[in-house]
Amino acid sequence: MKSAVENLSPTRAKLNVEVPFDELKPNIDAAYKAVAEQIQVPGFRKGKVPAALIDQRVGRGYVLETAINEGLNGWYQQAVAETGIRPLSRPEVEISEVPDPASTDGTLKFSVELDVRPEIELPDYAGLKVEVAAAETSDEDVEKSLDELRGRFGTLKPVDRPAQADDFLTIDLTATVDGEEVDSAAGLSYQVGSGTMLEGLDEAVTGLSAGEESVFETKLAGGEHAGETASVTVKVGAVKERELPEADDDFAQLASEFDTVAELREDLAKQAAQSKVVTQGVEARDKVLDKLVELIEVPVPESVVTEQVEAHFNQANGGHAEGEDHDTEEHRAEVAANTQRAFKNEVILDAIADKEEIGVSQSELIEYLVTTASQYGMDPNQFAQIMDQSGQVPMMVGEVRRRKALAAVLGQAEVTDSEGNAVDLSEFVRPAGAGAEDETAEAADVVPSDDPAAVKF
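A brief structural summary. Treat the numbers as computed from the prediction; the structure is a model and nothing was measured. Counting restarts for each chain, with residues numbered from 1 along the sequence as it is written. Per-residue local features are limited, in this predicted model, to residues with pLDDT of at least 70; the limit for side-chain atom pairs, both in listing and counting, is 80 or more; totals at the level of whole chains, interfaces and linings are taken over all residues. The side-chain quantities take in all heavy atoms of the structure and omit both hydrogens and water.

## Some words on the overall build of the protein chain
Each helix and strand in the protein chain was counted, giving 13 helices and 11 strands. Scaling as 2.2 N^0.38, a compact globule of 457 residues should have a C-alpha radius of gyration of about 23 Å, whereas the protein chain reaches 32 Å, well beyond that. Across its three principal directions, the C-alpha atoms of the protein chain cover 95 × 65 × 40 Å. The buried share among the 457 residues of the protein chain stands at 35%. Within the protein chain, residue pairs in contact and separated by at least 24 positions form 66% of the contacts whose partners lie at least 6 positions apart. Note on areas: Shrake-Rupley with a 1.4 Å probe; residue coverage comes only from the protein chains shown. A total accessible area of about 25,800 Å² is found for the protein chain, and carbon and sulfur atoms account for 46% of it. Each charge sign in the protein chain was given a centre, from 40 positive and 92 negative side chains, and these centres are 8 Å apart. The helix count covers DSSP runs of H or I at least four residues long, the strand count covers runs of E at least two residues long, and both are numbered beginning at the N terminus. The size measure is the radius of gyration over C-alpha atoms, and the globule rule it meets is 2.2 Å times the number of residues to the 0.38 power. Summary of the burial criterion: residues with accessible area below 20% of their type's maximum are buried, those above 50% are exposed, and those between are partly exposed, where the area comes from a 1.4 Å probe applied to protein chains only. Any two residues whose heavy atoms approach within 4.5 Å at even a single point are treated as in contact. When charges are counted, Lys and Arg are positive and Asp and Glu negative, with His and the chain ends excluded. A charge is said to be at NZ when it belongs to Lys, at CZ for Arg, at CG for Asp and at CD for Glu.

Below is the structure:
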């Protein structure tokens, strides 16, 4: 078989394929067997009808057509492998020449047009300069962390006053649409200001005392009335505030491994400083990727954008999305822009991974899988089984590889803060205990799930 690729544009290619008769013949033989199983001829058992009789009954042209249809995908896949193109769209096949059905010679010729991943030229990305916000740990940061820790050991105490921010309420909810009750719930626990239930609930309960109620309008997020405007009555059953323990040595011994609150504060200060470094790392990572996108021109096939936009809104409509997911021109433009950016990110990072010869070890894949499973609240083994059965493991490998590629570029970047100080991000791009062969691997516990390269194609 011969195959050649013709580049129609940076993102569009045409494969020209020629299949000689000797490579087509096994498919023709298989087609004869398949047709023999489908027809009945007196005097011959099913599947044992001679080829000559099949030619008389259905025609050799039909057999040849069957052979070509059955073999077309295999020849196409072989041509893709030989030419090294990376398809992005469904192939559009045109058969230009077939062997004469009456002959035992000839060549099958066909062409395939499709969108392909573009080839890009990487600039010298070593030493990219980015600036991040200065990481200053203040006493307020320490006190905030201490208060959060105290909150874990706090107790709820009923209070006889109107509800205010951060109070914990016991509430009853009743929702009606056009005067008809569509849902209700009693004895719900809710913290004022958390925004975890219905839009408008915080404003409705603020200022209410136990036994009082209020009515507000909101859009329902789930159920058969999702997206509809409902009138919701909320009644407050109880108002409670969190009573925090004193920040003293007894609390330090209760809540930590330290004997004194002074030692606890010192440790919280260290944690706050580490958190600031992670924040700087995330900012630097995003800015490095922004610079790469600015430096490297990546053409985006229109079919990729169209497919992703349509998939987004088909999924949203099928899932009874909320109002902000309604199909509008502005929302379509936003999804299209996000798709283009994500495609560019992926192409660039894959190219860098190729250049840096980055691989993914089994332990790295497992670590990523465990982290992702926890984000979905799933058991890692169950999550891994689902990913394997759905053929998503290669996608996950590619995701880990791209993250490592971005970490490799970040590790070579010159990062300074807004005050002109050099920022050391070695702990951000290289987890503690990593060996030399793994020095660019990102630590899963410091890489947030909103990685800008997270969209897959």
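## A few points about unusual backbone geometry
Phi angles above zero are rare outside glycine, and Asp166 is one such case at about 80 degrees. Mapping Asp166 onto the fold places it in the loop between β6 (155–158) and β7 (168–177). The backbone of Asp178 sits at a positive phi, close to 55 degrees, despite the residue not being glycine. Inspection of the secondary structure assignment puts Asp178 in the loop between β7 and β8 (180–191). What makes Asp178 exposed here is its relative accessible area of 80%.

## A look at the packing of helix α7 (residues 261–295) against helix α9 (residues 329–355)
Only the stretch in contact is used when a helix axis is fitted, and all axes are lines through C-alpha atoms; the angle between N-to-C directions ranges over 0 to 180 degrees. Across the interface, α7 lies against α9 with an axial gap of 10 Å and an inter-helix angle of 90 degrees. For the element pair α7 / α9, the angle class is roughly perpendicular. Note on element contacts: α9 touches α7 through Arg341, Lys344, Asn345, Ile348, Leu349 and Ile352, opposite Leu289, Asp290, Leu292 and Val293. Polar here means any residue other than Ala, Val, Leu, Ile, Met, Phe, Trp, Tyr, Cys and Pro, which are nonpolar, and Asp, Glu, Lys and Arg, which are charged; Gly is therefore polar. Grouping the amino acids of the contact of α7 with α9 by side-chain chemistry returns six nonpolar, one polar and three charged. Small angles under 35 degrees read as roughly parallel and large ones over 145 as roughly antiparallel, with 65 to 115 read as roughly perpendicular and the rest as oblique.

Nothing here speaks to function; it is all geometry.
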